[in-house]
Structures are given as structure tokens and as C-alpha cells.
Amino acid sequence: MKTPSIPPRAGLRIPSLPRDRRSAKRHLWVPRRPPLSPFPVLSLCFGRLTILSFVKGPKGPLHFFLLLGLLLANPSCSGQTQPFKETRFMMGTLVDVVVYAGKETAPGAAGQAFERILQVEAAAHPSEEGSPLFQVRQGKGARLGGDLARILETAMHVSRAASGAFDPTLGEVVHLWGFGRDDPHLPAPKEIQQALDGTGYKRVPVGQCCPEKLDIWFDLGGVAKGYAVDAAVSVFQEAGVKAGIVNAGGDLRTFGVRPGRGYWKIGVQDPENPQELAGVLEVKEAAVATSGDYQRYFEEGGIRYHHILDPATGYPAHTGLRGTTVIASDCATADALATAVFVLGPEKGLDLLEKWDGAEGVLITEDGKILTTSGIGEEGIRFEER
Ligand code: ADP
Ligand code: MG
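Here the structure is a predicted model, which is why all the values come from computation and not from measurement. Counting from 1, residues in each chain are numbered in the order their sequence is written. Whichever chain is written first becomes A and whichever ligand is written first becomes 1, with later ones labelled in order. In view of the model being predicted, local features appear only for residues whose pLDDT reaches at least 70, and side-chain atom pairs are presented and counted only at 80 or more, with totals across whole chains, interfaces and linings using the full set of residues.

1. Considerations on the packing of helix 3 (residues 106-124) against helix 5 (residues 146-161)
- Lines fitted to the C-alpha atoms define the axes, with helices restricted to the stretch that makes contact. Angles between their N-to-C directions range from 0 to 180 degrees. Put simply, DSSP H or I for four residues or longer makes a helix, DSSP E for two residues or longer makes a strand, and each gets a number counted from the N terminus. Running from amino to carboxyl end, helix 3 crosses helix 5 at an angle of 75°, the nearest separation of the two axes being 9 Å. Considering the angle they form, helix 3 stands roughly perpendicular to helix 5. Only D147, L148 and I151 of helix 5 make contact with helix 3, whose side of the interface consists of V120, A123 and A124.
- Under the convention adopted here, Pro, Cys and the residues Ala, Val, Leu, Ile, Met, Phe, Trp and Tyr are nonpolar, Asp, Glu, Lys and Arg are charged, and Gly plus all remaining residues are polar. Looking at the contact of helix 3 with helix 5 residue by residue, the classes come out as five nonpolar, no polar and one charged. Should an angle fall under 35 degrees it is taken as roughly parallel, and over 145 as roughly antiparallel, whereas 65 to 115 is taken as roughly perpendicular and any remaining angle as oblique. Throughout, a pair of residues is in contact if the C-beta atoms placed from their backbones lie within 7 Å.

2. Regarding the site of ligand 1
- Each residue gets a C-beta atom placed from its backbone. If that atom is within 6 Å of a molecule or strand, the residue is near it. Taken together, 23 residues surround ligand 1, and among them G221, G222, S291, L309 and T339 come closest.
- When residues of the shell around ligand 1 are assigned to their parent elements, the largest contribution, four residues, is made by helix 9 (residues 331-344).
- Partitioning the shell around ligand 1 into residue classes produces 10 nonpolar, seven polar and six charged.
- Reported domain spans reflect what an automatic or database domain assignment gives. Taken domain by domain, the makeup of the shell around ligand 1 includes at least three residues from each of domain 1 (38-121 + 223-385) and domain 2 (132-203).

3. Things to note about the confidence of the model for the chain
- The predictor attaches a confidence to each residue, and that confidence, scored 0 to 100, is pLDDT. Looking at the chain, pLDDT values average 81 and 79% of them are 70 or higher.
- This model gives residues 1-70 a pLDDT under 50, and the stretch forms 164 contacts once residues within four places in sequence are excluded.
- Counted against residues more than four places away or in other chains, residues 72-80, with its pLDDT under 50, gives 31 contacts.

4. Considerations on the sheet that holds strand 13 (residues 381-385)
- A sheet is described by the order of its strands in space; here three strands give the open sequence 5-6-13, paired in antiparallel fashion. The open sheet has two free edges, formed respectively by strand 5 (264-270) and strand 13, since each of these has just one partner strand. Each adjacent strand pair in this sheet contributes to an overall mean axis angle of 30°, direction not counted.
- As paired strands, strand 6 (residues 273-283) and strand 13 are joined by five bridges and run antiparallel to one another. Bridge assignment links V280 to a residue of strand 13, and that residue is E384. The pairing criterion is simple: DSSP has to find at least two bridges between the two strands.

Below is the structure:
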């Protein structure tokens, strides 16, 4: 992997991209729970984290989801005001929304936010026959507009800054490994090489994508979930909801001031023992996303193969990291950066984050060390190791 080439900036920081905004309306109301004393709160919250922290796939514990944000997903953590809370299964994970708003606003807005997530999920799915991504994959050409254009814009922004460590053109290779399906398996080296031949972030034209004859198999799995979180947050904001959190299996975004506390608490999973926490992040308004080798994997011949691929080899990336948590102003960027940093490894990964405007990170190495960027501990972001 080459050293990440960073586009010039005023100084050195890479600017974030503008995000999408939408409007909203109605749904379900969760009754208030009795307030608890501050002491049981933590254990109760941790208990919830344990319960929800993994979903078993059909062939065993292949799918380790959900990690972050659950400390605040429990209404008992809310301080003075009780939040509205709803959880649904979508985008292959549990999506939690917790918002502080009246019952005349919150349920409807949540319903609209979930609808919006479904919309993004459908747009970003690469195998939907007749869809723009499917057309591009077949070399038929298609104009990628709306959500797709914005997802791709973020993906390519990160991809270029990370010299291709994040690569949204890996579709065929991801498909070959079968991650996200019921039959993940180790492909033959020749198959991997063949699939790799059609990939490459440099194949994506700068500007409007994608003209005819450009057969690219996009996989937006490393960025679309974060974008969907941003889109859901926009729905709440347009509906006038002042504060809350949207958490899609650990890729999350907080907005507004958390009533009574200011900071939102987010648990960072321990990759070695994903039901435990490596530490707790406290953020104000921010997006937080995590990539890890413990989230989706299978074992064959005693070797563990996880779902974050090194675009240079087509095999799972092994660069000394087990988990990367990135804090940024929008979740699509945090999501893509977390994947990029995982592939880059500790040194180049930290370097990328230090140069990225508004991004910070908590990196957990293979030998259990926790590395943080220089902005952690400053105003707005705290991190405490467990
Ligand atoms: P999760 O989807 O579990 O939140 P990530 O955000 O790290 O995890 O995204 C991993 C997904 O991104 C993979 O399942 C695959 O679809 C895709 N992917 C894998 N490796 C890369 C890569 N190097 N660059 C871009 N996308 C990738
Ligand atoms: Mg990601």
C-alpha cells in the first residue's frame, strides 16, 4: 500500500462533503419508563449492550453486529427527559433510533426515518436488476443521481485520500467471498485474481459517473450504512426534532444536545471479546462508525477470514488492527474512513485521520493496544479506556 496522498487544503486538513437533507412525519410510541438512580444505569446499559451485541447468522456466530451507541439507546440513560425509542431490523443489522421530542412528533418522524433508510438501502444495492448500479455493472451505462451520486461522492473522496485502501469497485471480489450471504467461503486464488482484474478506484471517472462501456461492479457496503444514518438524521431534523441518535449496528450519528447531560456516551467494543467494552467515547454532535475483523467472518481450515478486504490483494486485510472507530461530522464519511483506516493499518491510518478535517479515531491493534488521534480528549470528544 502506498502512502496516502492527501489533496492540498488550507493548511493540511481534508474538507468534509455537504450532506443530504429531507423532510418527515409519523409512527409507534414507547411508554415512559420509571426513572432509575444513577448507579444502576451503567450496569443496566451494559446489560443491554451484551444482549444486543451480536446476531447469530444461520451457520453460527458469523454476524457480529451492533456495538456502539447502546449505552444511550436505553431510556434509563436519558437524564431528565424520556426519549422516544424504536428499533427495526434493516440493512442487515438492528437500527435503533432514540429521539427527544413530543409524542405528536417523534413516532411519525421515526417512521419516516426508517422509510428513508429503506430507500437508501434499495438505491445502494448492487444486484437489483434494472437498477442503475446493475446497469453500470453490465457495462450498459447509467446516470447515478440522488442518493447514489452522494454515496459515491463520499466513497471516492475517501478512496482517493486513502490511495485506494477504501475501494468501492470491489463488488466482484466481495461477491466471490460471499460475505453478507449464507455461504461465505475461501475462493481459489485464480478466482480472486480474475475478480480483482475488473476493480480499481482509478477506473471511476472524476465527475459524473458512469458512461456506457464502463463495467464497474460497485459495492457500497462500506459507506451506504453511514449514509443511511445521515439521511435518517436529516429526516428528524427536518421534522423539528431537537436531539437524538440514529444507530445502525454501530454506525451512528448523534444530533442536538443530549438533555440533562450534553455528551452522548458510546461504548467501543473490545475486538478480542466483543461482548465487552474496550472503552467509552463521549461525544457532542458527531457521527461514529466502527470497522472490525470480528464483525463478519468465517473460519476455514482453522483460519479466520473477515469481510474487510485489502484491494491490493483481494484477501482480508491484515495490517495490525482489529478495530477502528472513527468520529466525523457525517456518518457516511466516518463509515468509509473506518474501513479505509482498517486497511491502511495503524501508522498510515492515524496519518490519514490527523489530516482529515474534523475526523478523529480510536484504533485497537492486534496486540490490544489502543491508539487515539490527537483531537481525542479535546473539547467535544472524550475517550476513557476500560
Ligand atoms: P460493516 O458493513 O460491518 O459496518 P464496514 O463498514 O467496514 O463494515 O464495511 C465492510 C463492507 O465494505 C464489506 O462487507 C464489503 O461490502 C465492503 N468492503 C470490504 N472491503 C472494502 C474496502 N477495502 N473498501 C471498500 N469497501 C470494502
Ligand atoms: Mg465502513
